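Geometric and topological summary
As a plain string of letters, each chain reads:
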Amino acid sequence: MYVRDTIAAVSTPPGNGGIGIIRVSGDMAAMVGNAIFKPVYDGGLVSHRFSFGTIFDPTSGESVDEAMAVYMRSPRSYTREDVLELHCHGGWLVVERVLALVLSRGIRLADPGEFTRRAFLNGRIDLIQAEAVMDIIASKSESALQLAQSQREGALSKRIDDVRGYLLRALALVEAYIDFPDDDLGATDIAAISASVEEAQGLVSALLATFEEGRILRDGISVLIVGKPNAGKSSLLNRLLNENRAIVTHIPGTTRDIIEETITFEGLSVRLLDTAGIRHTDDLVEQEGISRALGKIPLADLVLAVFDASREFSKEDQMIFDALDGCRTIAVLNKADLDQRLILPDEDRFEATVRIAALSGYGIDLLKHTVCQQFLHSTTADSRELVVLSRARHRDALVSAEQHLQRFTNGLLDRNLELLALDLRGALQAVGSVTGQTTTDDVLDLIFSSFCIGK
Amino acid sequence: MISYDQIYDVIVVGAGHAGCEAALAASRMGCRTMLLTINLDAIALMSCNPSIGGLAKGHLVKEIDALGGEMAKNIDATGIQFRILNTKKGPAVRASRAQADKQLYRLRMKRVLEQQKNLDLKQGEVTSLYFESGELRGVELQSGIRFLSKTVVVTTGTFMRGLIHIGLNHYPGGRAGDQPSIGLSDQLRVLGFHVGRLKTGTPARLDARSIDFTKLETQFGDDPPMPFSLSTERITMPQLPCHIAYTNPHSHDIIRSGLDRSPLYSGIIEGVGPRYCPSIEDKVVRFPDKDRHQTFIEPEGLDTIEVYPSGMSTSLPIDIQIAFYRSIVGLEQVEIMRPAYAIEYDYVDPIQLHTSLETKGVKNLYHAGQINGTSGYEEAAGQGLVAGINAALRVKGQEPLVLGRSQAYIGVMIDDLVTLGTKEPYRMFTSRAEYRLLLREDNADLRLREIGYGLGLVTEPEYAIFTEKQRMISEELERIATTRLVHSEMQLDVLASRGLGDVQKGTTLEHLLKRSDVNYSDLAELDTVSRETPAAIREQVEIQTKYKGYIDRQLEQIEQSKKLETTRIPLELNYDSVKSLTTEVREKLSKNRPDTLGQASRIPGVTPAAISILSIAIKSSSWKDTSDRCTQ
Ligand SMILES: Cc1cc2nc3c(=O)[nH]c(=O)nc-3n(C[C@H](O)[C@H](O)[C@H](O)COP(=O)(O)OP(=O)(O)OC[C@H]3O[C@@H](n4cnc5c(N)ncnc54)[C@H](O)[C@@H]3O)c2cc1C
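The following paragraphs examine the structure supplied in this document.

Scoring rules and cut-offs
Residues numbered from 1 in each chain as written. Chains lettered and ligands numbered in written order. Predicted model: local features only at pLDDT ≥ 70, side-chain atom pairs only at ≥ 80, totals over all residues. Heavy atoms only, no water. Helix = DSSP H or I, 4+ residues; strand = E, 2+ residues; numbered from the N terminus. Rg over C-alpha atoms; globule rule 2.2 N^0.38 Å. Buried < 20%, exposed > 50% of the residue type's maximum accessible area, 1.4 Å probe, protein only. Contact = heavy atoms within 4.5 Å. Areas by Shrake-Rupley, 256 points an atom, 1.4 Å probe, with all protein chains shown as cover. Axes fitted to C-alpha atoms, helices over the stretch in contact; angles between N-to-C directions. Parallel < 35°, antiparallel > 145°, perpendicular 65-115°, else oblique. Left-handed = near helix turned anticlockwise from the far one by under 90°. Nonpolar A, V, L, I, M, F, W, Y, C, P; charged D, E, K, R; others polar. Core = buried A, V, L, I, M, F, W, Y, C linked by side-chain atoms within 4.5 Å. Pairing = 2+ DSSP bridges. Salt bridge = Lys/Arg side-chain N within 4 Å of Asp/Glu carboxyl O. Phe/Tyr/Trp six-rings, centres within 6.5 Å; stacked < 30°, edge-to-face > 60°. Lys NZ or Arg CZ within 6 Å of the ring centre and 35° of its normal. Near = heavy atom within 4 Å. Polar contact = N/O pair within 3.5 Å; in protein donor to acceptor, adjacent residues only side chain to side chain.

So, on to the overall build of chain B. When you go through chain B residue by residue, the secondary structure sums to 21 helices and 20 strands. Its C-alpha atoms give chain B a radius of gyration of 27 Å, near enough to 26 Å, the size a compact globule of 632 residues would have. Split into buried and exposed, the 632 residues of chain B put 59% on the buried side. A separation of at least 24 residues holds for 73% of the contacts in chain B among residues at least 6 apart in sequence. With an accessible surface of roughly 25,300 Å², chain B has 52% of that area assigned to carbon and sulfur atoms.

Let us look at the packing of helix α6 (residues 155–179) of chain A against helix α14 (residues 417–432) of chain A. Between two packed helices, what matters for the description is the angle formed by their axes and the separation of those axes. Residues and elements named next belong to chain A. Relative orientation of the contacting elements α6 and α14 amounts to 160°, with a least axis distance of 9 Å. By the angle between their directions, the pair α6 and α14 is classed as roughly antiparallel. Like other packed secondary-structure pairs, α6 and α14 cross with a definite hand, here left-handed. Packed against α6, whose contacting residues are Ile160, Val163, Arg164, Leu167, Leu168, Ala170, Leu171, Val174, Glu175, Tyr177 and Ile178, the element α14 presents Leu417, Glu418, Ala421, Leu424, Arg425, Ala427, Leu428, Val431 and Gly432 at the interface. Considered class by class, the residues forming the contact of α6 with α14 number 15 nonpolar, one polar and four charged.

So, on to the nonpolar core. Across soluble globular proteins, nonpolar side chains have a tendency to be buried as a group. Grouped together as the largest cluster of nonpolar side chains are 72 residues, with contacts concentrated most on B:Ile389 and B:Ile410. Judged by nonpolar contacts, the second largest core, of 37 residues, contains A:Val197, A:Ala200, A:Val204 and A:Leu389.

Moving on, we come to the sheet that holds strand β17 (residues 306–309) of chain B. All names here are of chain B. Read from one edge of the open sheet, six strands run β14-β15-β16-β17-β13-β18, paired in antiparallel fashion. The open sheet terminates on both sides in strands that have one partner only, identified here as β14 (217–219) and β18 (336–338). If you compare each strand with its neighbour and ignore which way they point, the axes differ by 35° on average. Both strand β13 (residues 205–207) and β18 contribute to a ladder of two bridges, which runs antiparallel. Opposite Arg205, over in β18, you have Arg338 as the bridge partner.

To continue, consider the pattern of salt bridges. Residues and elements named next belong to chain B. Taken as a whole and assessed by the stated rule, the structure comprises 59 salt bridges over all chains. The residue Arg146 makes a salt bridge to Glu140 at a minimum N-O spacing of 2.9 Å. Of the two residues, Arg146 and Glu140, neither departs from the other in class, the shared state being buried. A salt bridge links Arg405 to Glu434, with the nearest nitrogen and oxygen atoms 2.8 Å apart. Residue Arg405 is located in the loop between α9 (377–395) and α10 (409–420), and its partner Glu434 is located in the loop between α10 and α11 (444–455); the two are separated by 29 residues in the primary sequence. What you see here is one network of salt bridges that share partners, running through Arg405, Asp415, Asp416, Glu434, Glu565 and Arg602.

Time to look at the packing of aromatic side chains. For the structure shown, the criterion picks out nine aromatic pairs over all chains. Ring centres of B:Tyr453 and B:Tyr463 lie 3.6 Å apart, and the angle between their planes is 0°; on these two criteria the pair is classed as stacked. Here the residue B:Tyr453 occupies a position in helix α11, and B:Tyr463 occupies one in helix α12 (residues 460–482), the gap between them amounting to 10 residues. Overall, B:Tyr453 belongs to the partly exposed group, its relative accessible area being 25%. Here the basic side chain of A:Arg349 rests over the ring of A:Phe350, its NZ or CZ set 5.1 Å away from the ring centre. The side chain of B:Arg432 reaches across the aromatic face of B:Tyr426, ending 3.8 Å from its centre.

All right, on to the site of the ligand then. Residue and element names in this part refer to chain B. Near the ligand lie 34 residues; those nearest to it are His17, Ala18, Val126, Gln370 and Gly376. One of the backbone nitrogen or oxygen atoms of Ala18 is found 2.8 Å away from an oxygen atom of the ligand. Counting only elements with at least two residues in the shell around the ligand, the list comes to α1 (17–28), β2 (33–37), β12 (195–202), β19 (341–348) and α9. Counting residues per element, the shell around the ligand draws most heavily on β12, at three residues.

Take a look at the structure:
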């Protein structure tokens, strides 16, 4: 529960970065600023102005770091409360030390998501916006950002309102037959009621069907590259990376381990996992690497199976084939510029087959496009116009609505209007909880505890 | 002004359906009570339709009865046709309705009032409330007398600045044949109340001798007629049928030809009318494609030739009225005995009331009935009962009775009124109740009898009957949960003949009763004890067993909302000091001043976020000092 005291937290990601930001929100923000920050130009902190100076320990008088500080007076701040931000050098030790200084002034460490929770509670943003902010922060790609922004602009809310409209219409009909038995309304028009419910059901299940895509837009996909040692995995990887310098993480490992790179294809965030070459070997370390690679296959959203098209189908290729059972896979036939000897035994089991020449770059664009097509089914490539579900809470609410509607459909035979009304109301309430109309404190607590600290 | 030398505990202004219940409740609770009304010959008069009950309204009447009110007993004693509506639908939406002998209804209520201990009945028009040093102390009458009291319940119905319209003619009146009440609403306005204007209408009363009933469909009541009141053993009044007639395209042409002289369509009437009870011209204009509208021709009593054509209210001029009614098949020769008319009247927005029905602006003043913007006898009576009870409780220095939305339709109605206010006449519907499955006619006593008894409105013998019923229900529920089928020859025969051959040996009767193809009468064939169960107990056991799943779901919802419903918002809360609320929400809350968070959450535009903020503000009491906190 939100209490109106002053809170603080580090709002940059953990680890050593260029700068570290400590954010303070609440009535005591200015007091803290004045107590531990000394601006170069005397005159104290002016609201919404950056000032340069030093952070010092008021008990010892010792200087802790050079820093920039900005004070934002309520209500013109992120939380609508008084906010102080201290931008210091990013070394983790320094950041920790500054935070400790702030906390020593009687200020509480913020709970996860508490800043945004306050912004929400103080009426600055609504529930969907609050969630979108979280997505914007977590955005790993253009598409995720666009999705978050479109949700912030209310595209999803609008669709939810449509669902509500149909349900309300059905409910109104049911209620009319209940409350006006003597008014000559004619026999209960179950068909009209269920037609309206079916419209709502259609929208709900269409929305639910977008959840997978929404999740992908938000979180991106993982693509595993497998192939025998000389099929051209590494050159494919290099080719993909060269053209996309947006390397976010690079977890180095031994050559036998899995290499992970994150890049974007047409706005979609793609985590590429390169694995050890698959082959028969007696080398224990290499065996370990291979079995890890094979173990990863079922976990990936998509597998790129790289084959050397200039050679005949081999035992190693068969091993890969076996491991791919049931996985979404694109067959990548490398070395398309050489003589083609490969005949894939069962080409239909792949989602697609793409011919490339990794060294020259031939077919790479087509491959990227093909990858995206596997996930972005919507007709428009601009995710700003998409209405998709991307949050588990929304999905859960709609699943619950769907259950109520299912119960409604099952009850149609009995034609017990008062029970049908109950199901419709249940569905309405569930649907309403997406836009924040009928949400409870418990739900809010859950939402805000999933916010990452500092934002 | 001459001051009368007695100080009453409770003065009730107006002896309509609200006023009668209020006065009876207060006097039965031992308070010195006076009931003042403009015309003692028009007590509990049915201004409009000669009937009581219907969907949600029947529920209200049964609740009034369970709490110890009079309406149910009065209609049982004077009803001339009884019907249960929606018998083919579920138990929660079944409702009782009865035609009344209008004059007998009024006369019996007058007799009950006259015989009531602690109650004085007087004729007179109240022109103002009387205050001493800012406190309400009584009322003043047109005749120049002042009556003193500790509390006042105002139930003036359609009378305050009543204006009757027939075509383009209009004249002051509280209803046809009665004087309006002038002065009182002006004073209320001066006192700071928001006083608005509403409108309603009534059809003509027709001469039955001029109607050819052979051309109409006949509709009889139920046989035997089922009474409303728990205290009525059986209906003894003679029973009469109603008749059904229809308008036709020609009728509609006549209506259209008179619209230019309709006070409604020519803009003379400013008050807002009820959308759910439109006049015939409204129906014709709004639904031009409908080529007929139905009317029930209802008798106004046993000894009168006057009949009431329901749904045919109008404010069109008299020549159009005559032509229109005569265009209906069977009514070709009809004579109008009293013309149809519309009436505009002042009401006081109930948003200015607490859930006790006491006004927020004036302490010890209560409003009930049509003055609160409701319409209907049952709605009025329900409020009157609560206002009378709460005035009496105030006199006794006790906490007010507030019925919850999960407890009674009366609770739903009052909560709606005081939370949302009224902008058009408010009528009860079952759809207004979110816990509809729990608020049934059949369990009104289980919900409310205890409360009525606690207040002293339910007599010892009545209460004894109730506790006995309760005991029998729980025993029977227990018994069917533990009695198992033994598959005796007799049981196997019955099961087979019912197509229940699949029922296993050892199945409990409860389990069996849960099946949609089994009802209690089947149980009665399967085991001898069930045969002996009285009808009222059977009904409860059957409903409670069959609907258990749904009932439990609703109970769970009630539990979830309890926290909000029971969190009180301090009276002195200054919403402007709760900075985190948006301006819009702040304005709404300042205007409505809800008593609880639950109420606040039902005000449109008050978001869940706002409720969270409010609940925090209340808990931390930070609203007291946020405005002048030091920021350094
Ligand atoms: C023309 C008309 C049409 C209606 N149509 C419908 C309809 O279609 N459907 C429906 O449900 N309801 C209808 N009603 C409403 C129904 O009659 C009322 O809702 C119900 O009677 C209200 O009960 P009440 O106790 O609040 O007021 P009323 O029954 O109106 O009683 C008010 C009482 O207060 C007395 N009184 C008023 N002012 C004073 C005063 N200053 N001093 C002393 N006594 C005073 C009056 O004499 C009267 O006895 C209609 C009413 C009218 C007049």
